[in-house]
Amino acid sequence: MSLDTIAIHADQLLTMPEDAPALQNYDSQGDLEARDRAICGLLEDAGVFVKDGVINWYGPWDERPDEARGNDVSQARAGVVTPGWVECHTHSVFAGDRADEFVLRNAGRSYSDILEAGGGILNTVDAVREASVDELAQSLLNRVFEFVRKGVTTLEVKSGYGLTLEDELKMLRAIDRVRDEDVPCELVSCFMGAHTVPRDFKDDREGYVDLICNEMIPAVSEEDLADYCDVFCDRGAFTVSEAERVLMTGKGHDMTPRIHAEQLSDSGGAMMAAELGASSADHLEHVSKDALKAMANSDVTAVVLPAVNVFLGTTDQLAPARQALKVGCEVALSTDFNPGTAMTQDLGMVMNLACNLHQMTPGEALRGVTIGAAKAMDRDDIGRIRRGEPANLTMLNAPHYQYIPYHVGTNHVSGVIQDGSIGYWTNTEG
Ligand code: NIG
Ligand code: FE
């Protein structure tokens, strides 16, 4: 892919500063918009000049360098420009679908019931074991393009539907294969062999954890197939001590720990994640205040996944996003795209849910899909706009930033630049 030289003129440019001022001091009576502008580093009538793959300049449009005015430079116009959206938590490699469970849940069965009856994740495991690496890569490729059209420039993808050494490697190799296709989206992979205990190890949990630690993690590391290691630590999945063992083993193989914690019960996973130095703890519906404080002290990003609550019919048990912000956590947002609990690739909808269900502000929601999501993966080179850094930008056909979560169900993305090249482009003439 060749690098493009582009000057983009935006009504509003959101740069996303490192430390959001006054995040802890949310006051619903205060000037929410002024605060949002500060936490998003919002500039009016501003521009970005992309050259040689990096952000060469950004600032007030009138002050753009002469070079950005040249006839040889492509000119683009957008209502709002943000850092490229970072989708930090997905299970995008899968086969088959679970529409039948969607119907069952809507008729009253709970996710836990289905999981404990041997359905749920294990149904997708059966389908993935049947699929070839080519089939998994092809369906992932299609999903990646859908994410790009919806504004995503960095996509995290987990394994965890194989649950044998070969099937976990197959999932991660499918991610690697799509990466080799030169897609306009950075793929970040996460090993999640500890997604659930497979049927064949039903009576030998310890044997399965041994397999993960003694065989899977070393093999994944040997092929350099994953940057992160994740565990579903919850009732019906793995205990805190099992999760800790897996994450420590992953850490010993240079995989940054992350965790699915406190989704179904307060099992103590988030506190353990803070002690272990995980980059994020995700879900958190049942997290304690003490665990949130420990997460804030250890820079563990809180990843909030409201689409899951909608899919599972549990909007009465939401993660305490406002409390997380109040104690000083960075809050990231993600779809959790997966065939069971969140069959959506739409971060726009997730931002709307963050505002409507979690009382987050539009600025907090936009931080959640940019710098917040970058922090969830311990990355400091994405999710923000800085001179000299790789150019990842999402352009939106919206009159102002608040419109993005507010006008839900419409894709406002008009263009995407990923690593200095155009990844998706509609009506963005200068
Ligand atoms: O993040 N909570 C566990 N894992 C996934 C669900 C995966 C599935 O049901 O297939 C999640 O929600
Ligand atoms: Fe998940």
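Below is a summary of the structure that appears in this document. Quick caveat: nothing in here was measured; it's all calculated off a predicted structure.

### Some points on the overall build of the protein
Okay, step 1: Per the secondary structure count, the protein includes 16 helices and 15 strands.
Okay, step 2: The globule rule puts the C-alpha radius of gyration for 430 residues at 22 Å, and the 21 Å found for the protein is close to it.
Okay, step 3: With the principal axes as the frame, the protein shows a C-alpha extent of 70 × 50 × 40 Å.
Okay, step 4: Out of the 430 residues belonging to the protein, those deemed buried represent 60%.
Okay, step 5: Within the protein, residue pairs in contact and separated by at least 24 positions form 73% of the contacts whose partners lie at least 6 positions apart.
Okay, step 6: Total accessible area computed for the protein in this model is approximately 15,800 Å², and 45% of it derives from carbon and sulfur atoms.
Okay, step 7: Positive and negative charge centroids in the protein, built from 35 and 69 side chains respectively, lie 3 Å apart.

### Quick look at the sheet that holds strand E10 (residues 280-283)
Okay, step 1: If you trace the eight strands from one edge of the open sheet to the other, you get E5-E6-E7-E8-E9-E10-E11-E12, paired in parallel fashion. Two strands close off the open sheet at either side, each with one partner strand: strand E5 (85-87) and strand E12 (331-333). Strand-to-strand, the axes of this sheet are offset by a mean angle of 25 degrees, without reference to chain direction.
Okay, step 2: Against the sheet, helix H9 (residues 269-276) touches strand E8 (228-233), strand E9 (256-261) and E10, its axis set at about 170 degrees to E9.

### A short note on the coordination of the iron ion (ligand 2)
Okay, step 1: At this site the iron ion (ligand 2) is bound by His89 (NE2), His91 (NE2), His260 (NE2) and Asp336 (OD), with donor distances of 2.1 to 2.4 Å.
Okay, step 2: Each donor residue of the iron ion (ligand 2) belongs to the same chain, and together they define the spacing H-x1-H-x168-H-x75-D. With His89 in the loop between E5 and helix H2 (99-106) and His260 in strand E9, the pair connects residues that are 171 residues apart, well separated along the chain. Comparing His89 with His260 shows no difference in burial state: the two are buried.

### A word on the sheet that holds strand E2 (residues 42-51)
Okay, step 1: Sheet architecture is open: seven strands sit in the order E3-E2-E1-E4-E13-E14-E15, paired in mixed fashion. With partners counted over all chains shown, the strands left at the sheet margins are strand E3 (54-60) and strand E15 (421-425), one partner each. The sheet shows a mean angle of 35 degrees between the axes of neighbouring strands, taken without regard to direction.
Okay, step 2: In this sheet, strand E13 (residues 393-396) lies alongside strand E4 (residues 74-83) in antiparallel orientation, the contact comprising four bridges. Its bridge partner being in E13, Val80 is matched across the sheet by Leu396.

### Let's talk about the pattern of salt bridges
Okay, step 1: Applying the stated criterion across every chain, the model contains 31 salt bridges.
Okay, step 2: Here Arg386 makes a salt bridge to Glu18, at a shortest N to O gap of 3.5 Å. Taken as a pair, Arg386 in the loop between helix H15 (371-376) and E13 and Glu18 in the loop between strand E1 (6-14) and helix H1 (32-40) lie far apart in primary sequence, 368 residues in all.
Okay, step 3: Measuring nitrogen to oxygen at the nearest pair gives 3.1 Å for the salt bridge that ties Asp126 to Arg199. Here the residue Asp126 occupies a position in helix H4 (residues 121-130), and Arg199 occupies one in the loop between strand E7 (186-194) and helix H7 (205-222), the gap between them amounting to 73 residues.

### Some details on the site of ligand 1
Okay, step 1: Close to ligand 1 lie 15 residues, the nearest being Arg98, Tyr111, Tyr161, Gln263 and Asp336.
Okay, step 2: Interatomic distance of 3.3 Å between a side-chain N/O atom of His91 and an oxygen atom of ligand 1.
Okay, step 3: Between a nitrogen atom of ligand 1 and a side-chain N or O atom of His195, the distance comes to 2.9 Å.
Okay, step 4: Computed on the free molecule, ligand 1 has an accessible area of 320 Å², of which 100% lies beneath the protein chains in the complex.

### Quick notes on the pairing of E2
Okay, step 1: Taken together, the eight bridges between E1 and E2 define a ladder with antiparallel strand orientation. Residue pairing in the sheet places Ala7 in a bridge with Phe49 of E2.
Okay, step 2: Relative to E3, E2 runs antiparallel, the two sharing six bridges. Across the sheet, residue Val50 finds its bridge partner in E3, namely Ile55.
Okay, step 3: Connecting the antiparallel pair E2 and E3 is a turn made up of two residues, with Asp52 showing a positive phi of about 55 degrees.

### Here we look at the environment of Leu140
Okay, step 1: Locating Leu140 in the fold gives a position in helix H5 (residues 133-149).
Okay, step 2: With 37 residues separating them in the primary sequence, Leu140 and Arg177 have C-alpha atoms 9.8 Å apart.
Okay, step 3: Among residues more than four places away in sequence, those in contact with Leu140 are Ser92, Val93, Val157, Ala174, Ile175, Val178 and Leu187.

### Let's talk about the packing of H7 against helix H8 (residues 240-252)
Helix-helix packing is described using two parameters, namely the angle between the two axes and the distance between the axes.
Okay, step 1: The contact between H7 and H8 brings their axes to 10 Å, and the two run at 10 degrees. Classed by the angle they form, the pair H7 and H8 counts as roughly parallel. Here H7 contributes Arg205, Glu206, Val209, Asp210, Ile212, Cys213, Asn214 and Ile217 to the contact with H8, which in turn contributes Glu242, Arg245, Val246, Thr249 and Gly250.
Okay, step 2: Residue classes in the contact of H7 with H8 are distributed as five nonpolar, three polar and five charged.

### Re H7
Okay, step 1: Here H7 contains 18 residues, and its C-alpha end-to-end distance of 25 Å stays within 8% of the 26 Å for a straight helix at 1.5 Å per residue.
Okay, step 2: At Ile212, H7 shows its largest kink, close to 35 degrees.
Okay, step 3: Residues of H7 that are buried include every one of Gly207, Tyr208, Val209, Leu211, Ile212, Cys213, Met216, Ile217, Ala219 and Val220, and no others.
Okay, step 4: The inward-facing, buried residues of H7 contact helix H6 (165-180), E7, E8 and H8.
Okay, step 5: Looking one or two residues past H7, Asp224 carries a phi angle of roughly 55 degrees, positive in sign.

Rules and cut-offs
Residues numbered from 1 in each chain as written. Chains lettered and ligands numbered in written order. Predicted model: local features only at pLDDT ≥ 70, side-chain atom pairs only at ≥ 80, totals over all residues. Heavy atoms only, no water. Helix = DSSP H or I, 4+ residues; strand = E, 2+ residues; numbered from the N terminus. Rg over C-alpha atoms; globule rule 2.2 N^0.38 Å. Buried < 20%, exposed > 50% of the residue type's maximum accessible area, 1.4 Å probe, protein only. Contact = heavy atoms within 4.5 Å. Areas by Shrake-Rupley, 256 points an atom, 1.4 Å probe, with all protein chains shown as cover. Lys, Arg positive; Asp, Glu negative; His and termini not counted. Charge placed at Lys NZ, Arg CZ, Asp CG, Glu CD. Pairing = 2+ DSSP bridges. Axes fitted to C-alpha atoms, helices over the stretch in contact; angles between N-to-C directions. Donors = N, O, S within 2.8 Å, 3.2 Å for Na, K, Ca; no water. Salt bridge = Lys/Arg side-chain N within 4 Å of Asp/Glu carboxyl O. Near = heavy atom within 4 Å. Polar contact = N/O pair within 3.5 Å; in protein donor to acceptor, adjacent residues only side chain to side chain. Parallel < 35°, antiparallel > 145°, perpendicular 65-115°, else oblique. Nonpolar A, V, L, I, M, F, W, Y, C, P; charged D, E, K, R; others polar. Expected span 1.5 Å × (residues − 1). Bend = angle between axes of the 7 residues up to and from the residue.

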